[in-house]
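Observations on chain architecture
Listed below are the residues making up each chain.
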Amino acid sequence: MTTAGPGTLGLPERTGRELEALAARLGTERATALVEAIRRTGEVEPVTRGLLRIEEALLAAPGAEALATRLVLASESLQRLLQRRPGLLRWVHRSASTPVPLDAPTLAGRLDAFLRRGGDEGPAELLRRLRRFKARQALRLAARDLWLGAPMEALGREQTALAEALLQVALPHLEAPLRRRYGAPSPEGFVVLGLGKLGGDDLNWSSDIDLVLVHRGDGMTEGGTAGSVPTVTYYTRLTEALARTMSMVTEDGFCFRVDLDLRPQGRAGAAVSSLPS
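Presented here is an overview of the structure given in this document. Treat the numbers as computed from the prediction; the structure is a model and nothing was measured.

Cut-offs used in this document
Residues numbered from 1 in each chain as written. Predicted model: local features only at pLDDT ≥ 70, side-chain atom pairs only at ≥ 80, totals over all residues. Heavy atoms only, no water. Helix = DSSP H or I, 4+ residues; strand = E, 2+ residues; numbered from the N terminus. Buried < 20%, exposed > 50% of the residue type's maximum accessible area, 1.4 Å probe, protein only. Contact = heavy atoms within 4.5 Å. Areas by Shrake-Rupley, 256 points an atom, 1.4 Å probe, with all protein chains shown as cover. Patch = residues over 30% accessible without salt bridge, like charges linked within 9 Å, V, L, I, M, F, W, Y side chains within 5 Å. Salt bridge = Lys/Arg side-chain N within 4 Å of Asp/Glu carboxyl O. Phe/Tyr/Trp six-rings, centres within 6.5 Å; stacked < 30°, edge-to-face > 60°. Lys NZ or Arg CZ within 6 Å of the ring centre and 35° of its normal. Core = buried A, V, L, I, M, F, W, Y, C linked by side-chain atoms within 4.5 Å.

Before going further, it helps to spend a moment on the overall build of the chain. Per the secondary structure count, the chain includes 12 helices and 6 strands. Its C-alpha atoms give the chain principal-axis dimensions of roughly 75 × 35 × 30 Å. When burial is assessed residue by residue, the chain has 48% of its 277 residues classed as buried. Contacts in the chain between residues at least 24 apart in sequence constitute 72% of all its contacts with a sequence separation of at least 6. Summing over all exposed atoms, the chain offers an accessible surface of approximately 13,700 Å²; the carbon and sulfur share of this is 52%.

Structure follows, in structure tokens:
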């Protein structure tokens, strides 16, 4: 054991033994880097426990020792993510090593490509892929925050861009089955307005997204496999599907909590408003 080895951290016996075993698998150079990164946090025992939880991820990500300590110290949810998806640590170590932010069009393009690679496998697969993409990008933003020290203003803009990309790409996937069932709405036209922190490019880690949804006007759909419905019914169902798709908690987590209460008349009002109203 060296003077910089795990035995110098003053850990409880069992935790110390487990860290010694991990250090042996990492090799001398990586183990030394890991021990020094743990020591610098000032939170030796909780960080060590977190690192032991993500052992598989750590072993597969050479050079990510310092980043891993920051991530496990910041959040148990990040620990759980890296435990479930260990390959993400190596990915985020590469992806977060550049200070270049990603805007909404870039993220939307990447998400669209990710969804197309999965084919058309139904609503459950859409939920899964949206959440997995969101988790990956949230991890990248956490690394930019904790490792690169990106300014809060920039992180707020990037969180907003991520929410915009998820909404933009999810919407046509959610509308397609409605069009098959009811046909195209007439008049056609629907807009999603972001208010609050979303509208101000200032989302943070715990923000809801405040949405107001507006359709062009009253009419009927052209008819599909389930007949025709009023346009307000069509767009209400689309609004409900969008809110549910973003907010529903699954084994892969959720995208963003959606708040529709800023619409006219608040909770007592319709979920979607017409432009004339």
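Don't stop here, the text continues.
Here we take up a nonpolar patch on the surface. A cluster of nonpolar side chains, Val191, Leu193, Leu195 and Leu262, forms an exposed patch at the surface whose accessible area comes to about 300 Å². Its relative accessible area of 36% is what places Val191 among the partly exposed residues.

On to the packing of aromatic side chains, then. Across all of its chains, the model carries 3 aromatic pairs by this definition. Taking the centre distance of 5.0 Å and the plane angle of 5° together, the rings of Phe190 and Tyr235 count as stacked. Taken together, the residues Phe190 in strand β2 (residues 190-195) and Tyr235 in helix α12 (residues 231-247) connect sequence positions 45 residues apart. Its relative accessible area of 1% is what places Tyr235 among the buried residues. Three or more aromatic residues joined by ring pairs form one cluster here, namely Phe190, Tyr234 and Tyr235. The lysine or arginine in question, Arg129, covers the ring of Phe114, its NZ or CZ lying 4.6 Å from the ring centre. Seen from the ring of Phe256, Lys134 lies directly overhead, with NZ or CZ sitting 4.9 Å from the centre.

Counting 40 residues, the largest nonpolar core has Leu111, Leu130, Leu166, Ile209, Leu211, Met246 and Phe256 as the members making the most contacts within it. In this view, Leu111 contacts Leu130, Phe133, Ala165, Leu166 and Val169; residues no more than four positions away in its chain are not counted. Ranked by size, the runner-up nonpolar core spans 33 residues in total, among them Ile38, Val47, Ile54 and Ala57.

By secondary structure assignment, the location of Leu22 is in helix α1 (residues 13-26). Along the chain, Leu22 and Asp252 lie 230 residues apart, while their C-alpha atoms are 28 Å from each other. Setting aside chain neighbours within four positions, we find Leu22 in contact with Leu34, Leu52, Glu55, Leu58 and Leu59.

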